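# Coordinate analysis (summary)
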Amino acid sequence: MAVIGIDLGTTNSIAVVFRNGEVEMIPNSFGEYLTPSVVTIENNELIVGKIARQKLVTSPENTTSLFKRDMGNDKKIKLGKKMYLPQELSALLLKQLINDAEKYLNEKVEEVVISVPAYFNAKQRRATKLAGEIIGVKVDRLINEPSAAAIACHEEEFETFIIFDFGGGTLDVSVVDCFENVVSICSIAGNNRLGGIDFDRAIAMYFCQQNKIDYNSLIRAEKESLFLASERTKISLQNKDEAGMSMSIRGKSYSTKISNEVLALISKPILDEIREVIRRAVKDSGFEPSEIDKMIMVGGSSYMPVVRDYLEKLLKIPVSSADDIDCMVAKGLGKYLGIKQRCSEVKDLVVTDICPFSLSTPIVNESDKGNPLAKVIIPKNTVLPSSKTVTLQAYKRGQKNILISVYQGEEMYESDNILLGRTDIKIPRNFKENEQFNITYSYDINSILYVEIEIISTGEKKVFIVGEDKKLESIKENKQLKAIKEISIKLNSSPEYDACKERTKRIFKELSPEYKDILRERMESLDIMYNDCVNNIQKKRAIVEEMDRILDIFDSFSRFDESDIFSDLENEEKNSILKDDIKVVDGTGGRVS
Ligand code: ADP
Ligand code: MG
């Protein structure tokens, strides 16, 4: 029985294990560590990851991504004919990751540790745990992503640093203080609606504006294509100052160029928000900026020169990228598993976490009865676990119920904070006016909140878990749960080949009409060769590599404009693809078209 760690990301997910004294990343069926968090259900078969990512364009009605942003919401997402809750989609993603891990480890996975954004509230955490329960694995612990990254980044015994984790859809900034073997998270600030996708959107809007395209008139598949092309352009700006972007929509070709300088200009609102989040994290940490040694950047969006340049200008402390920008959270989870197993190879770190927001309950506002005040029970940045009690009294004669509500946030008036859950408690018959009751909030190390109400005179107690509201709980008996268990993972004997086929479909859809026939012919001839190979795995692999190479070139047509296509070495190759025959390069003979 294995225990694995899972970084369940908005954009990409990673599984990790601690074995033979070291952290080991678990590859998926493509031999890759990053699995795109994209889910497709076709014919009651589940497809997750790289292939599903192409299906955002080729099969948008059966495919979805970014559902982590909606965890804890009751908003359902339609896939095919069925509706799914975000935690059900996460369950399907987990199912695939666990399946890949079991194949790799040759062992059953019964327990997982999952990382979640520090800013996830009780409902979102509950939904994450539920995702595991749905597919029958125990979610042993939820670890905040910044804490996992802090464990991975911990090097010196005495230092204070900022972790800047900028992913596809979330930004988390935390200040970490290390003192001997104690790693303390001192403050966390974040925005769970800010990430790489916002840059993609900025580029997409710029592209539409430059080409006078009405974004709102595009259909979903066209928007997905536009976003994928924008993301590719963004990524190509990692290594050069300017990139071309072109796309064909309904047979018409459009293109534009974008430089890092322009990207910085059009992303100003995103950069401003980054600054605000860093400011909050440093202020809440209680450290003077001069006491902080450095900033470490993690998460895929930290690759962006625009972000890095901005941070270097903004901060006086050294800013550096983590050794492995993509995998730091996962590596921290792996190290945590090692610490938990008390492995002698890992230093026994103690990590203290905090509650990044205040938890309160409404009390009467004497000067404005209709506008209750927030009575804070657990203040922001309290070290976990924590349990705090306040004594309140019933305030109306003849009152039959006490309405207990739990809110999260820093606002003075409760209506301005976020409601996490509420429940009605019947008052005992002999309850007197001004009778007192205790309300206790206990926040455990998984950042799950328990609310206990005790009527003092009778000693009667009731405990609630926030997030276990009816809608979340009812899933247990729900038919849907059964259906999710029954969806089988699509058997993939040749994942690379399937990925090529799916990629071909996507590129074909996006390609200018004049190239479509060429792509189809090239791929058809390779397809025939592939199917002729039967059991010659080596040759099959060579053909798939050749397919990938050709697809890379066709894919790049959307990144360069015409003048780029014919201007360099790469373009000579493009021309040869357009004109010449394709040779299979493994030298094992066989058909050559
Ligand atoms: P998450 O933790 O949200 O799943 P990741 O840390 O994997 O996300 O980051 C994903 C984001 O990083 C995406 O928006 C992706 O476009 C972006 N990204 C990945 N590589 C690069 C790159 N080389 N340049 C710019 N952005 C990148
Ligand atoms: Mg992440």
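Above this text you will find the structure in question.
Now for a description of the structure that goes with this document. (Residues numbered from 1 in each chain as written. Chains lettered and ligands numbered in written order. Predicted model: local features only at pLDDT ≥ 70, side-chain atom pairs only at ≥ 80, totals over all residues. Heavy atoms only, no water.)

### What to know about the overall build of the protein chain
Looking only at helices and strands, the protein chain features 17 helices and 30 strands. Burial statistics for the protein chain: of 593 residues in total, 55% are counted as buried. For the protein chain, restricting intrachain contacts to residue pairs at least 6 apart in sequence, the fraction spanning at least 24 positions comes to 65%. Accessible area for the protein chain stands at about 27000 Å²; split by element, carbon and sulfur atoms hold 48% of it. (Helix = DSSP H or I, 4+ residues; strand = E, 2+ residues; numbered from the N terminus. Buried < 20%, exposed > 50% of the residue type's maximum accessible area, 1.4 Å probe, protein only. Contact = heavy atoms within 4.5 Å. Areas by Shrake-Rupley, 256 points an atom, 1.4 Å probe, with all protein chains shown as cover.)

### Let's talk about the sheet that holds strand β29 (residues 461-465)
Ordered in space as β24-β27-β28-β29, the four strands form an open sheet in which the pairing is antiparallel. The open sheet terminates on both sides in strands that have one partner only, identified here as β24 (386-393) and β29. In this sheet, adjacent strand axes meet at a mean angle of 20 degrees when their direction is disregarded. Across five bridges, strand β28 (residues 449-455) lies against β29 in antiparallel orientation. Paired with Glu454 across the bridge in β29 is Lys461. (Pairing = 2+ DSSP bridges. Axes fitted to C-alpha atoms, helices over the stretch in contact; angles between N-to-C directions.)

### Thoughts on helix α4 (residues 145-153)
For α4, a buried count of eight out of nine residues is recorded, marking the element as mostly surrounded by other parts of the structure. Regarding α4, the residues found buried are Glu145, Pro146, Ser147, Ala148, Ala149, Ala150, Ile151 and Cys153.

### Observations concerning the site of ligand 1
What surrounds ligand 1 is a group of 18 residues, the closest being Thr11, Gly168, Glu231, Lys234 and Gln238. Contact between ligand 1 and Gly168: an oxygen atom at 2.8 Å from a main-chain N or O atom of the residue. In the complex, the protein chains occlude 89% of the 580 Å² of accessible area that ligand 1 would expose alone. Elements with a contribution of two residues or more to the shell around ligand 1: α5 (196-210) and α6 (220-236). For the shell around ligand 1, the leading source of residues is α6, giving three residues. Here the residues of the shell around ligand 1 sort into four nonpolar, twelve polar and two charged. (Near = heavy atom within 4 Å. Polar contact = N/O pair within 3.5 Å; in protein donor to acceptor, adjacent residues only side chain to side chain. Nonpolar A, V, L, I, M, F, W, Y, C, P; charged D, E, K, R; others polar.)

### Some remarks on the pattern of salt bridges
With the rule as written, the count across this model stands at 33 salt bridges. Put simply, Arg503 and Asp548 hold a salt bridge, and the shortest N to O gap is 3.0 Å. Within this pair, whereas Arg503 is found in helix α13 (residues 495-510), its partner Asp548 is found in helix α15 (residues 537-556), the two being separated by 45 residues in sequence. Taking relative accessible area as the criterion, Arg503 reaches 12% and is therefore assigned buried. Asp548 sits in the partly exposed class, given a relative accessible area of 29%. Where salt bridges share partners, they join Arg232, Arg503, Arg506, Asp548, Asp552 and Asp555 into one cluster. (Salt bridge = Lys/Arg side-chain N within 4 Å of Asp/Glu carboxyl O.)

### Observations concerning the nonpolar core
Membership of the largest hydrophobic core comes to 47 residues, with the highest contact counts inside it found for Phe164, Phe166, Leu226, Ile274, Ile278, Met295 and Leu311. Not counting chain neighbours up to four residues away, the residues in contact with Met295 comprise Ile162, Phe164, Ile278, Leu311, Leu315, Ile317, Pro318, Val319 and Ser320. (Core = buried A, V, L, I, M, F, W, Y, C linked by side-chain atoms within 4.5 Å.)

### Observations concerning helix α1 (residues 50-58)
Residues of α1 that are buried include every one of Ile51, Ala52, Gln54, Lys55, Leu56 and Val57, and no others. Summarising the contacts, the buried residues of α1 are in contact with β5 (38-42), β6 (45-48), β7 (63-65), α6 and α13.

### Remarks on the sheet that holds strand β25 (residues 401-408)
A sheet is described by the order of its strands in space; here four strands give the open sequence β22-β21-β25-β26, paired in antiparallel fashion. Looking along the sheet, the strands with just one partner apiece sit at the ends: β22 (373-378) and β26 (418-426). Strand-to-strand twist across the sheet, computed as the mean angle between neighbouring axes with direction ignored, equals 30 degrees. In terms of strand pairing, strand β21 (residues 359-363) meets β25 through two bridges, oriented antiparallel. Note that in β25 the partner of Leu359 across the bridge is Gln408.

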